[in-house]
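# Topology and contacts: notes
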Amino acid sequence: MTQWERLQQLDTVYSQRAFDLYNRDEFPMEVRHYLAHWIEGQDWERASRDSSQAAFLFQVLLENLDNQFSRFAQERDSFLLQRNFRRYKQNFQVNVLLLPKPSYTMPSESLWISEDLKMLNMLNKNYTARLNNFLSDISTMLDAADVLRSVLIDEELVDWKWRQQKSCIGAPDDTSLEHLEKWFTQIIECMFQLQKFLQKLDELVGKMTYENDPIPVRKPPLKSRVDTLLTNLIKSSFVVETQPSMPQGRGSLVLRTNVQFSVKVRLLYKVSELNHVMKVTVSVNKFRKFNVLGTLSKALNMAESMNGGMVADFRHLTLKDQKVGGGGKGINDLSLSVTEELHRIIFQTQFDYQGLSVPLETFSLPVVVISNSSQQQSAWASVLWFNMLCSDPENVKFFETSPAATWPQFGEMLSWQFLSCGKRGLDNDQLETLAIKLFGKQQSYDNCKISWTKFSKENLPDTNFSLWVWLDGILTLVKLYLSDLWSDGSIMGFVSKGKERLLLKKKQNGTFLLRFSESIKDGGITFSWVQYANDGKPLKPFTSTDLKQIALPDILCNFRMMIAENIPVNPLCYLYPNTPKDQAFGKYYSEKTGEENPYLKYLKTKLVFVSKE
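Residues numbered from 1 in each chain as written. Predicted model: local features only at pLDDT ≥ 70, side-chain atom pairs only at ≥ 80, totals over all residues. Heavy atoms only, no water.

### Digging into the sheet that holds strand 3 (residues 261-267)
Taken in spatial order, the 4 strands make up an open sheet running 1-3-7-5, and their pairing is antiparallel. With one partner strand each, in any of the chains shown, strand 1 (238-245) and strand 5 (290-293) form the two edges of the open sheet. Pairs of neighbouring strands in the sheet enclose a mean axial angle of 30 degrees, with direction left out of account. As defined by bridge partners, strand 3 adjoins strand 7 (residues 310-321) across 6 bridges and the pair is classed as antiparallel. The residue of strand 7 that forms the bridge with V263 is F314. (Pairing = 2+ DSSP bridges. Helix = DSSP H or I, 4+ residues; strand = E, 2+ residues; numbered from the N terminus. Axes fitted to C-alpha atoms, helices over the stretch in contact; angles between N-to-C directions.)

### Looking at the packing of aromatic side chains
Enumeration according to the criterion identifies 33 aromatic pairs in this entry. Note on F192 and Y353: the rings are 5.4 Å apart at their centroids and 90 degrees apart in plane angle, and the pair reads as edge-to-face. With F192 in helix 9 (residues 178-207) and Y353 in strand 8 (residues 345-353), the pair connects residues that are 161 residues apart, well separated along the chain. Given a relative accessible area of 0%, F192 falls into the buried group. (Phe/Tyr/Trp six-rings, centres within 6.5 Å; stacked < 30°, edge-to-face > 60°. Buried < 20%, exposed > 50% of the residue type's maximum accessible area, 1.4 Å probe, protein only.)

### Regarding the pattern of salt bridges
Taken as a whole and assessed by the stated rule, the structure comprises 18 salt bridges. Measuring nitrogen to oxygen at the nearest pair gives 2.9 Å for the salt bridge that ties E241 to R266. Taken together, the positions of E241 in strand 1 and R266 in strand 3 put the pair 25 residues apart, joining distant regions of the chain. Overall, R266 belongs to the buried group, its relative accessible area being 0%. K441 is the partner of E432 in a salt bridge, and the nearest nitrogen-oxygen pair spans 3.2 Å. If you follow the salt bridges from partner to partner, you end up with E178, E181, E241 and R266 in one network. (Salt bridge = Lys/Arg side-chain N within 4 Å of Asp/Glu carboxyl O.)

### Let's talk about helix 16 (residues 497-504)
For helix 16, every residue scored as buried is listed here: E500, L503 and L504. Down the axis of helix 16, the buried side of the element spans an arc of 90 degrees, and every buried residue falls inside it. (Arc of directions from axis to C-beta.)

### Concerning the confidence of the model for the protein chain
Confidence in the prediction for the protein chain averages 85 pLDDT; 85% of positions are at 70 or higher. The low-confidence segment residues 532-536 (pLDDT under 50) makes 7 contacts with residues lying over four places distant or belonging to another chain. Counting interchain partners and residues more than four positions distant, the pLDDT-below-50 stretch residues 597-605 has 3 contacts. (pLDDT = per-residue confidence, 0-100. Contact = heavy atoms within 4.5 Å.)

### Observations concerning the pairing of strand 8
Summarising the sheet, strand 4 (residues 279-284) and strand 8 pair through 4 bridges and their orientation is antiparallel. Within strand 8, the position partnered with V284 by the bridge is I345. Two elements, strand 8 and strand 9 (residues 356-363), share 8 bridges in a ladder whose sense is antiparallel. Its bridge partner lying in strand 9, I346 is registered against F363. Hairpin connection from strand 8 to strand 9: 2 residues lie between these consecutive antiparallel strands, with Q354 at a positive phi of about 50 degrees.

### Description of unusual backbone geometry
The phi torsion of most residues other than glycine is negative, and most of the peptide bonds are trans. Here Y576 and P577 are connected by a cis peptide whose omega angle stands at 5 degrees. Topologically, P577 is positioned in the loop between strand 19 (574-575) and strand 20 (579-580).

### Notes on the sheet that holds strand 9
Strands sit in the order 6-4-8-9 across an open sheet of 4 strands; the sheet is antiparallel. Looking at the sheet topology across the chains shown, the edges are occupied by strand 6 (297-299) and strand 9. Taken pair by pair, the neighbouring strands of this sheet meet at an average axis angle of 25 degrees, ignoring direction. Its contacts with the sheet place helix 10 (residues 215-236) against strand 8 and strand 9, and it is angled at close to 35 degrees to strand 9.

### Some remarks on the pairing of strand 3
Within strand 3, 6 of the 7 residues are buried, leaving the element largely enclosed by the surrounding structure. Pairing analysis gives 5 bridges linking strand 1 to strand 3, with the strands arranged antiparallel. In the sheet register, S245 faces strand 3, and the bridge partner there is S262.

This is the structure we're talking about:
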């Protein structure tokens, strides 16, 4: 490409300054245009110093004008240009004749050409400087994009994954992906636009380049940075949105062989061109041998998401044990129980878009795989312990050297369990009662620790069950029968017998409180009350067997004590500290009482609990 052609591609403000040189008859613009290749191929600097060289070039110029005149003569539409070029030749000859003698100098057209070349050289320098500045701006933009990438992937995405992990064990954390999806989509889209622009620079170099052109040198490292950023962002944008779970399971991350489970993955780069294009496949790690059954390949699509995200929702997957040799343990350490084995579900797909090809892979959080429902309680304990303490989902050998939990960690996790089962967590008094039970009376429990063995394997003192079995029995009781009473704060729950007596000691007769039994393996609730001169009367705990027959509010309503002369009396009048019983529980009674029930005067029988104690 000639300098003249490049000059025409410059911004108007620069090209006009060059074109102004040719507004006179001494060196017309048409001559510069049609003879550009010849003009730029001559050594005009030498001609300005050597008169014989100048004379020679002048004669060649006239010959070129004649040649161009002849070409115009053969073209039907070039009549005016033909006449102009004849006049231009005559003007050049007149100008030379008018030059003073004997000091023969370079013809005027040479002077103009020299000026033209100086102008083009200046414009080239300005263009190169501007282009360098522009490429530097792109580099600065990529620096900023890399900072955003670090914040998005190393901070925001890591925080979301930790929130999701805690939410799997009951934490009330926000696990929505809309903000992350918006950020990933915007920054990836910006990188693709920048990639397209760099490709345009390639095309420009293919059409036009020059000495010291900065594009061939500076563009490749910029493109490499863009590709690296895009690859990193796209790989990180492939996540498990909903962790594996069974429809009727205890919670996420506990799977049972031969029972269907569901799981959902999502690509946080939302672009309609990829809808139903990327196929996601499912497999399981080789820690223990499983066959994965069901639909093992699904396309990422926008139809299976409530908000139009790019998801693949696997709803009917099943794990089936492979019997290898004598059993299905595989390469697992035989010292671990089945409920301490951790496995991960693997998802893979291929991203091909706008010339970028990236293999994508993501993993579920570790899951525990059981073969019968009796293992579910232990499996859920493992899920709780892992996700309470370990933020590294790749650590599938966690239980080979399981760390202890601090009391703040443990207490928070327990509170989440009650929040999930009964819509209310544990308050400070309830947590302190549990801490005293585990560690004895302390000024502070922050440094107290509980081991995995003490939590799930060792029996509590004077019992034949572990701490987790006791707590899980209470949680089940709350979830199935007591969720409303627990949610509204009617159940004190965790209170020692000594503190119970202290609380009731100075209260009026008939004041009672509800607490969980410490001696029932599968969960029990009881109440104690103030009666006459006694501090508090305990009662045999009510279990799920009792609560299946009659709800606890009805038990409290209709409970009777046999006093002198076998007269039944309900001793429960005020829920601690002083709320009238009917005010506290009336909305939960299954039948109206007294005059509110028109059938009561005809139907005199009802199911009541009567104590002779």
